[in-house]
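Listed here are the chains, written in short residue letters.
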Amino acid sequence: MARYDMSGIGINLREVPDDNGDVKVKVLGLLLDGPAHAAGVRQGDEILAVNGVDVKGKSAFEVSSSIQGPNETVVTITVKHGNCGPVQSIDIQRQLVARTPVFYRLEQIENGTRSVGYLRLKEFNALARKDLVIAMKRLQDMGASFFILDLRDNRGGLVQAGIEIAKLFLNEGETVIYTVGKDPQYQQNIVADTAPLVKAPVIVLVNNNTASASEIVASSLHDNCKGVLVGDRTFGKGLIQSVFELQDGSGVVVTVGKYVTPNHKDINGNGIEPDYQNFPGWSDVSQRLSQCSHSCLLKFDIAYRKWDPNTKLQEMDIGHCVWN
């Protein structure tokens, strides 16, 4: 969100029409632990004034511009919390904020009867998992019953961060990703080792710039029946590469393996085909995930009936979920 923060205090604003036809400027989203959030500003707050000047009639761009100022100076904004909440004047110190890759907000759908937590993950850096956990917990506390994970234009980053984020949605023992290669050290079945942070259905937004660690997360949620993919086919980057140093100090990059989805599909050069190109209804999402889970249970039952008691259960290759 820092990339799109026009205010300098870690908030994004939008214009919301009221019943009288007037336009209010409200907080659309906040930077996690940014200056505004730390001072007490919350999503949905209405901006009433900046440094004592009424903002009625101004656009979101004009209000953002009036909040801007030199780094480490103070701006006073007057907000109304919620639709009927108290009015409060808040002093906020402008500052250059750390670039968290996570942006989140709560959306009301179906005439306000259902809440959806929207999570935008721009890249997989060292802050990604920590900030995503914070955002997911806050959205759950705010009443989110579904989640949208937006991985569009996320070209990856730290693969391990992607693996750890995928684990947040999976049951213990479920496969995150397979690695394959000639060397045994690159032949792994990476599995979730804890209970999931959330069990709510997830829509994962993808496009042709969704790559690498993003594809690991997307395929992991998809193949384990935790989410559906919406958008365009992903980029298709799934190689494991190592750099070997030469005697003259230069180096050579060698491909030593690749990533394969839980459903044993090669990511590299192929990408991942989404379930929907257009945004589906939430009832369709729930039904599709239910069908996927039923298919998984059926496969497990068939494999169990054929199980040789002398074979360890962990060695049974029953595959993963198959979409109907």
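Residues numbered from 1 in each chain as written. Predicted model: local features only at pLDDT ≥ 70, side-chain atom pairs only at ≥ 80, totals over all residues. Heavy atoms only, no water.

Peer 1: Give me the lowdown on the overall build of the chain, citing residues and values where you can.
Peer 2: When helices and strands are tallied, the chain shows 6 helices and 15 strands. Among the 324 residues that make up the chain, the fraction classed as buried is 47%. (Helix = DSSP H or I, 4+ residues; strand = E, 2+ residues; numbered from the N terminus. Buried < 20%, exposed > 50% of the residue type's maximum accessible area, 1.4 Å probe, protein only.)

Peer 1: Requested: an account of the side chain of Lys226, with residues and values cited.
Peer 2: Within the secondary structure, Lys226 sits in the loop between α5 (213-223) and β13 (227-231). Engagement of the side chain of Lys226 in a polar contact is seen with the side chain of Glu174, the distance being 3.0 Å. A distance of 3.0 Å separates the side chain of Lys226 from the backbone oxygen of Asn224, its partner in a polar contact. Residue contacts for Lys226: discarding those within four places in its chain leaves Phe169, Leu170, Asn171, Glu174, Ala200, Pro201, Val202, Leu221 and Leu289. (Polar contact = N/O pair within 3.5 Å; in protein donor to acceptor, adjacent residues only side chain to side chain. Contact = heavy atoms within 4.5 Å.)

Peer 1: Describe the environment of Val27, naming the residues involved and giving the relevant values.
Peer 2: Topologically, Val27 is positioned in strand β2 (residues 23-31). C-alpha separation for the pair Val27 and Arg14, spaced 13 residues apart in sequence, amounts to 6.5 Å. Leave out the neighbours within four places in its chain, and Val27 touches Ile11, Asn12, Leu13, Val41, Arg42, Gln43, Gly44, Asp45 and Ile47.

Peer 1: Give me the confidence of the model for the chain: which residues, what numbers.
Peer 2: Summary statistics for the chain give a mean pLDDT of 85 and a share of 85% for residues scoring 70 or more. Mean pLDDT per element in the chain: helix α6 (residues 282-305) is the minimum at 70, and strand β12 (residues 202-206) is the maximum at 98. Every residue in residues 298-319 scores below 50 in pLDDT, and together they form 13 contacts with partners more than four places removed in sequence or on other chains. (pLDDT = per-residue confidence, 0-100.)

Peer 1: I'd like to hear about the side chain of Ser220, residue by residue, with values.
Peer 2: Here Ser220 is to be found in helix α5. Setting aside residues up to four positions removed in sequence, Ser220 forms contacts with Ala166, Leu170, Thr175, Val176 and Pro262.

Peer 1: Which residues make up the pattern of salt bridges, and what values do they have?
Peer 2: What the rule picks out here adds up to 10 salt bridges. One continuous salt-bridge network, built from bridges that share partners, spans Glu164, Lys167 and Asp193. (Salt bridge = Lys/Arg side-chain N within 4 Å of Asp/Glu carboxyl O.)

Peer 1: Before we move on, could you go through the nonpolar core and cite the residues and values that matter?
Peer 2: Across soluble globular proteins, nonpolar side chains have a tendency to be buried as a group. Among the nonpolar cores identified, the biggest contains 45 residues, and Leu119 and Phe169 are the most heavily contacted of them. Of all the elements, helix α3 (residues 128-141) adds the most residues to this core, at 6 residues. In contact with Leu119, not counting residues within four places along its chain, are Phe103, Tyr104, Leu132, Ala135, Met136, Leu139, Phe147, Ile148, Leu149 and Asp150. Counting 19 residues, the second largest nonpolar core, distinct from the first, contains Ile9, Ile47, Val55 and Ile67. (Core = buried A, V, L, I, M, F, W, Y, C linked by side-chain atoms within 4.5 Å.)

Peer 1: Kindly report on the packing of aromatic side chains, identifying the contributing residues and their values.
Peer 2: Summed over all chains, the structure comprises 3 aromatic pairs. Between Phe103 and Tyr118, the aromatic rings sit 6.4 Å apart at their centres with planes inclined by 70 degrees, giving edge-to-face as the arrangement. One end of the pair, Phe103, is in strand β7 (residues 102-109); the other, Tyr118, is in strand β8 (residues 114-121), with 15 residues separating them in the sequence. Judged by relative accessible area, which is 10%, Phe103 ranks as buried. Look at Tyr118 and you get buried, because its relative accessible area is 11%. Aromatic pair Phe146 and Trp282: ring centres 4.4 Å apart, planes at 45 degrees, arrangement tilted. Of this pair, Phe146 sits in strand β9 (residues 146-150) while Trp282 sits in helix α6, placing them 136 residues apart in sequence. Judged by its relative accessible area of 7%, Phe146 is buried. By way of ring pairs, the aromatic residues Phe146, Phe279 and Trp282 are connected into one cluster. When the ring centre of Tyr118 is taken as origin, the NZ or CZ atom of Arg105, which lies over that ring, is 4.4 Å away. (Phe/Tyr/Trp six-rings, centres within 6.5 Å; stacked < 30°, edge-to-face > 60°. Lys NZ or Arg CZ within 6 Å of the ring centre and 35° of its normal.)

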